[in-house]
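Secondary and tertiary structure notes
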2 protein chains.
Amino acid sequence: MIGKARELDAADPLAGFRERFAVPEGVIYLDGNSLGCLPKATPEALRRAVEREWGEGLIRSWNASEFGSGWFEMGTRVGAKIAPLIGAQPHEVIACDSTSVNLFKLIAAALQMRSGRQVVLSEPGNFPTDLYMIEGLERQGLAKRRLAPRSGIIDALDEDVALLVLTHAHYKTGELFDMAAITEAAHEVGALVLWDLSHSTGALPVDLNACHADFAVGCGYKYLNGGPGAPAFAFVAQRHLDELKQPLTGWFGHAAPFAFSDDYTGAAGIEQLQCGTQPILGLTALEVGVDLIAEIGVERLHQKSQALSEFFLEALREHGATLPLVSPPDSANRGSQLSFYHENAYAICQALIARGVIGDFRDPDILRLGFAPAYLRFEDIAEAARHLAEVLDGEEWRRAEFNERSAVT
Amino acid sequence: MIGKARELDAADPLAGFRERFAVPEGVIYLDGNSLGCLPKATPEALRRAVEREWGEGLIRSWNASEFGSGWFEMGTRVGAKIAPLIGAQPHEVIACDSTSVNLFKLIAAALQMRSGRQVVLSEPGNFPTDLYMIEGLERQGLAKRRLAPRSGIIDALDEDVALLVLTHAHYKTGELFDMAAITEAAHEVGALVLWDLSHSTGALPVDLNACHADFAVGCGYKYLNGGPGAPAFAFVAQRHLDELKQPLTGWFGHAAPFAFSDDYTGAAGIEQLQCGTQPILGLTALEVGVDLIAEIGVERLHQKSQALSEFFLEALREHGATLPLVSPPDSANRGSQLSFYHENAYAICQALIARGVIGDFRDPDILRLGFAPAYLRFEDIAEAARHLAEVLDGEEWRRAEFNERSAVT
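Everything quoted here is computed from the prediction, not taken from an experiment. For every chain, the first residue of the written sequence is number 1, and numbering continues from 1 along that sequence. Note on labels: chains are lettered from A, ligands numbered from 1, in written order. For a predicted model such as this one, the threshold for reporting local features is a pLDDT of at least 70, and the threshold for listing and counting side-chain atom pairs is 80 or more; totals across whole chains, interfaces and linings nevertheless cover every residue.

A closer look at the packing of helix H3 (residues 74-82) of chain A against helix H9 (residues 280-296) of chain A
To characterise two packed helices, one gives the angle between the axes of the helices and the distance between these axes. Residue and element names in this part refer to chain A. For clarity, the cut-off: Think of each axis as a best-fit line through the C-alpha atoms, taken over the contacting stretch in the case of a helix, with angles from 0 to 180 degrees between the N-to-C directions. Each helix is a run of DSSP H or I of at least 4 residues and each strand a run of E of at least 2, with the numbering of both proceeding from the N terminus. An angle below 35 degrees is read as roughly parallel, one above 145 as roughly antiparallel, one from 65 to 115 as roughly perpendicular, and any other as oblique. Whether a crossing is left-handed or right-handed is set by the direction in which the near helix is turned from the far one by less than a right angle, anticlockwise for left-handed and clockwise for right-handed. Contact between two residues is assigned whenever their backbone-derived C-beta positions fall within 7 Å. For this classification, Asp, Glu, Lys and Arg are treated as charged, while Ala, Val, Leu, Ile, Met, Phe, Trp, Tyr, Cys and Pro are nonpolar and the rest, including Gly, are polar.
Interaxial distance between H3 and H9 falls to 10 Å at its minimum, and their mutual angle equals 20°. Taken together, the axis directions place H3 and H9 in an arrangement best described as roughly parallel. The interaxial crossing formed by H3 with H9 has left-handed handedness. Across the interface between the two elements, Met74, Gly75, Val78, Lys81 and Ile82 of H3 pack against Ile280, Leu283, Leu286, Glu287, Val290, Asp291 and Ala294 of H9. Across the contact of H3 with H9, the residue classes break down as eight nonpolar, one polar and three charged.

Below, the structure written as structure tokens:
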């Protein structure tokens with residue numbers, strides 16, 4: 001397979017982009033869907049933000065000046081750059097806070113827009129924080145969480161449902177929802193829809209406005225390569241911006257924060273989603289990652305991502321390795337990952353890590369391998385498949401000891 | 001005054017710490033109460049976090065490993081370092097999210113603990129985001145905001161009040177509340193108390209537990225020198241940790257986040273305040289700032305801060321400059337700042353900035369000068385007073401044009 005892998009790498013139009021990332025020596029990194037690799041331009045961008053904008057510019061750097069392009073505008077600027085990756089208009093997206101905090105704002109806003117309805121519908125096994133943030137509003141007595149399995153989601157949509165919260169690409173299996181069909185079904189009963197794009201953005205094309213989506217959130221540290229705990233993003237369809245009311249009414253979302261008024265008046269646009277003072281160092285690193293992904297182009301990334309995962313499956317078959325696939329077999333129906341079932345998935349994951357192949361274990365029995373197309377080579381894929389086949393053949397994974405937290409992020 | 005200033009600098013036990021900060025050439029920075037200066041150790045700490053922990057360690061850096069001491073523990077580790085600066089126990093403080101987001105969590109938690117009461121009491125003119133976050137809960141129908149002037153705060157405490165939210169050192173005037181007396185009065189009517197320590201922490205001693213405070217929040221980017229938009233901190237008195245329930249129930253606050261359960265169970269300790277994935281780059285920079293302030297010592301910082309502001313007033317008098325002081329005249333009753341009234345405060349502020357003296361204008365007529373004791377010299381103070389006197393004497397401030405946002409952060 002190595003020969004064929006090298007041929008594919010030689011023909012790969014994205015091959016040159018690997019050099020733009022700091023991929024560690026001796027590591028095959030199949031976890032870019034958890035924390036993306038460091039773009040090589042990030043340290044210099046951060047150095048400049050820290051030494052020049054903060055160190056020399058100090059308070060003056062909030063505004064555009066000789067020291068930089070202005071911290072006040074970073075959230076909307078980075079949001080506008082994310083917008084074309086997800087089929088949104090620039091003024092419909094903002095980079096701010098965390099995915100969880102953004103979920104809270106938008107779930108609460110949707111409940112306010114559908115007063116009289118309290119049900120927020122999702123599926124069991126959705127990424128936990130999506131479910132937990134609904135519970136947070138339940139704690140406040142403002143929401144009722146309803147969970148229905150994905151096969152029954154459309155049937156569970158009734159006139160009580162204020163909002164449907166789903167993740168486009170499932171974090172564990174990679175399975176995709178049909179965003180357009182589900183959104184339409186929800187709208188037919190008068191429900192709003194919030195899509196979590198954490199496992200999609202930067203890996204496959206999303207077209208929020210073509211699907212008439214109402215809200216979306218997504219993560220900055222996975223395929224956008226924004227760094228650990230990077231700011232997240234939030235999308236609100238233009239038609240909702242005027243009536244939007246969310247409860248995290250911090251001063252950075254005020255129409256005139258420096259009037260220091262006692263009373264809150266939200267900004268007219270997407271800026272109203274900013275709660276407190278925004279994390280400038282995190283936004284600086286995120287902007288580099290977003291610029292790089294935009295430069296590569298999400299269509300090309302998607303094509304390569306599909307080719308990588310298909311090649312991995314082919315290589316496994318070649319090695320005679322059999323492992324039940326939990327992800328959809330057709331690459332058109334999954335995100336940029338493959339998940340496999342094994343009752344000893346944890347030990348197998350640890351054995352792979354010992355060989356330099358970093359994937360994820362997902363409790364209790366899933367081995368999850370992510371294929372970040374911006375920096376992975378087909379050669380990496382061939383090698384990873386060989387390692388997995390050898391691990392399955394041999395006894396080394398039986399010796400791995402269980403440690404709850406290692407490799408489980 | 002320069003001669004006396006140099007004598008004071010020569011005798012200043014903190015003089016050597018100025019070298020630990022990157023204070024720009026030609027700038028007298030009287031705005032460390034808005035954005036603190038860059039510690040010289042920060043760029044290297046960030047470089048290591050980015051290149052080593054993120055770049056090489058990747059996902060492995062969430063746990064303590066060869067790459068670093070573990071991102072998962074950063075919030076509690078930095079919180080524990082902030083604790084002694086504010087009279088708290090290490091396990092009562094966590095660094096996370098923003099001040100605004102932390103206000104929302106704790107105001108909501110207090111309302112839950114005092115069910116049957118809906119009033120959240122504060123004062124008009126409190127820092128806007130404190131007032132706005134109460135309004136956010138009002139938007140949800142869960143709170144009623146009541147404002148009473150500080151002279152009438154104690155009278156306004158009645159049996160309807162669930163929570164009193166006040167800022168220890170006022171952002172505009174620097175006036176201090178008597179935390180112990182006010183907290184006791186609130187407790188007498190069964191109300192809880194939340195102190196905003198944004199303009200206190202790192203500049204003057206605070207003793208939350210001696211005052212029997214219930215909750216507190218504070219800012220990481222002012223006197224703690226954590227950088228623009230640094231993570232904030234939150235304090236919950238140990239006696240409340242067990243019954244605490246806050247609505248921003250993200251996966252980082254879960255008792256077992258990697259069990260990926262559908263249902264939320266909050267962590268037992270202060271970790272339950274973490275909402276989403278935490279900003280690691282911001283926490284890295286904050287930790288450097290906190291370590292440095294802890295090394296200098298908050299008692300010594302307070303003594304120097306009082307001496308600096310007294311010396312500034314003395315220098316102004318020496319120059320025959322008269323400008324009405326809005327801050328309390330006795331340094332025991334104010335934070336580390338002096339605010340003056342002038343109907344042309346904006347223009348004066350701009351004229352000072354043109355001379356390299358960076359202070360703040362606070363709408364509509366306040367000139368606010370902060371005295372961050374970790375890196376200011378008495379010589380800076382003498383020079384700043386001379387510049388202010390010259391600006392007041394001359395005509396240059398009359399020529400400054402109004403620009404709403406410049407210098408107003």
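What follows picks up the thread again.
What about the interface of chain A and chain B?
Between chain A and chain B, the contact holds 75 residues from the first and 75 residues from the second. Here the residues of the side of chain A that touches chain B sort into 40 nonpolar, 23 polar and 12 charged.

Observations regarding the relation of the copies chain A and chain B
Here is the rule: Copies overlap after least-squares fitting; the atoms used are the C-alpha atoms of residues with pLDDT of at least 70 in both.
The transform that puts chain A on chain B rotates by 180° and translates by 0.0 Å along the axis, for an RMSD of 0.0 Å. One copy is carried onto the other by what is essentially a two-fold rotation axis. In this assembly, 100% of the residues forming the interface of chain A have copies in chain B that are likewise at the interface, indicating an isologous arrangement.

Considerations on the confidence of the model for chain A
Residue and element names in this part refer to chain A. As a reminder of what qualifies: One number per residue, pLDDT, summarises how confident the predictor is, and it ranges from 0 to 100.
Across chain A, the average pLDDT comes to 96, with 97% of residues at 70 or higher. Counted against residues more than four places away or in other chains, residues 404-409, with its pLDDT under 50, gives 14 contacts. Interface confidence in the predicted complex, given as ipTM, is 0.97; pTM for the same model is 0.97.

Digging into the domain arrangement of chain A
All names here are of chain A. The cut-off we apply is this: Domain boundaries shown here were taken from an automatic or database domain assignment.
As assigned here, chain A comprises domain 1 (2-30 + 297-399) and domain 2 (44-295). Those elements giving two or more residues to the side of domain 1 that touches domain 2 turn out to be helix H10 (298-318), strand E9 (337-341) and strand E12 (366-370). If one sorts the elements of the side of domain 1 that touches domain 2 by residue count, H10 sits on top with five residues. Split by residue class, the side of domain 1 that touches domain 2 holds nine nonpolar, eight polar and five charged.

Considering the nonpolar core
Selection rule: In these notes, a nonpolar core means any group of buried Ala, Val, Leu, Ile, Met, Phe, Trp, Tyr and Cys residues linked to one another through C-beta atoms within 7 Å. Partly exposed residues are those falling between the two cut-offs: more than 12 but fewer than 20 other C-beta atoms within 10 Å of their own, whereas 20 or more means buried and 12 or fewer means exposed, with C-beta atoms placed from the backbone.
Ranked by internal contacts, the top residues of the largest apolar core, which has 276 residues, are Ile107 and Leu163 of chain A together with Ile107 and Leu163 of chain B. Here this core takes 10 residues from helix H9 (residues 280-296) of chain B, the largest share from any one element. Excluding residues within four positions of it along the chain, Ile107 of chain B makes contact with Val120, Met133, Ile134, Leu137, Ala143, Leu163, Val165 and Leu194 of chain B.

Some remarks on the pairing of strand E5 (residues 161-167) of chain A
All names here are of chain A. To be explicit about the condition: Pairing between two strands requires that DSSP report at least two bridges joining them. With the strands pointing away from the viewer, any crossover whose connection runs clockwise from the first strand over the helix to the second is right-handed.
Most of E5 is tucked away: seven of the seven residues are buried. For E5 and strand E6 (residues 192-196), the ladder comprises five bridges, and the chain directions are parallel. Residue pairing for E6: Leu164 is matched across the bridge by Val193. Since E5 and E6 lie parallel, the crossover through helix H7 (residues 179-188) that links them has a hand, and here it is right-handed.

Some words on the environment of Ala108 of chain A
The topology assignment puts Ala108 of chain A in helix H4 (residues 99-113). Here the alpha-carbon distance between Ala108 of chain A and Pro247 of chain A, two residues 139 residues apart in the chain, equals 7.0 Å. Every residue in contact with Ala108 of chain A, bar those within four places of it in the chain, is listed here: Leu137, Gln246 and Pro247 of chain A together with Gln140 of chain B.

Examining the sheet that holds strand E4 (residues 144-147) of chain B
All names here are of chain B. Taken in spatial order, the seven strands make up an open sheet running E2-E8-E7-E6-E5-E3-E4, and their pairing is mixed. Single-partner strands in this sheet number two, and they are strand E2 (93-96) and E4. Ignoring strand direction, the axes of neighbouring strands in this sheet form an average angle of 20°. When E2 meets strand E8 (residues 232-236), the two strands line up antiparallel, connected through four bridges. Its bridge partner lying in E8, Val93 is registered against Phe235. Sheet strands touched by helix H4 (residues 99-113): strand E3 (119-122), strand E5 (161-167), strand E6 (192-196), strand E7 (215-218) and E8. Its angle to E7, the strand with the most contacts, is close to 170°.

Remarks on H10 of chain A
Residue and element names in this part refer to chain A. Applicable threshold: To estimate how far a helix should reach, multiply one less than its number of residues by 1.5 Å. The arc refers to the directions leading from the helix axis to the C-beta atoms.
Across its 21 residues, H10 extends 30 Å between first and last C-alpha, which sits within 8% of the 30 Å expected from 1.5 Å per residue. Taken residue by residue, H10 has Val298, Leu301, Lys304, Ser305, Leu308, Ser309, Phe312, Ala315 and Leu316 as its buried positions. Looking straight down H10, one finds that the buried residues subtend no more than 135° of arc, so they occupy a single side. Looking at H10, the residues exposed on the side facing more than 90 degrees away from the buried face are Glu299 and Arg317. In the core, the buried residues of H10 are packed alongside H9, E9 and helix H12 (378-393). Looking one or two residues past H10, Gly320 carries a phi angle of roughly 70°, positive in sign.

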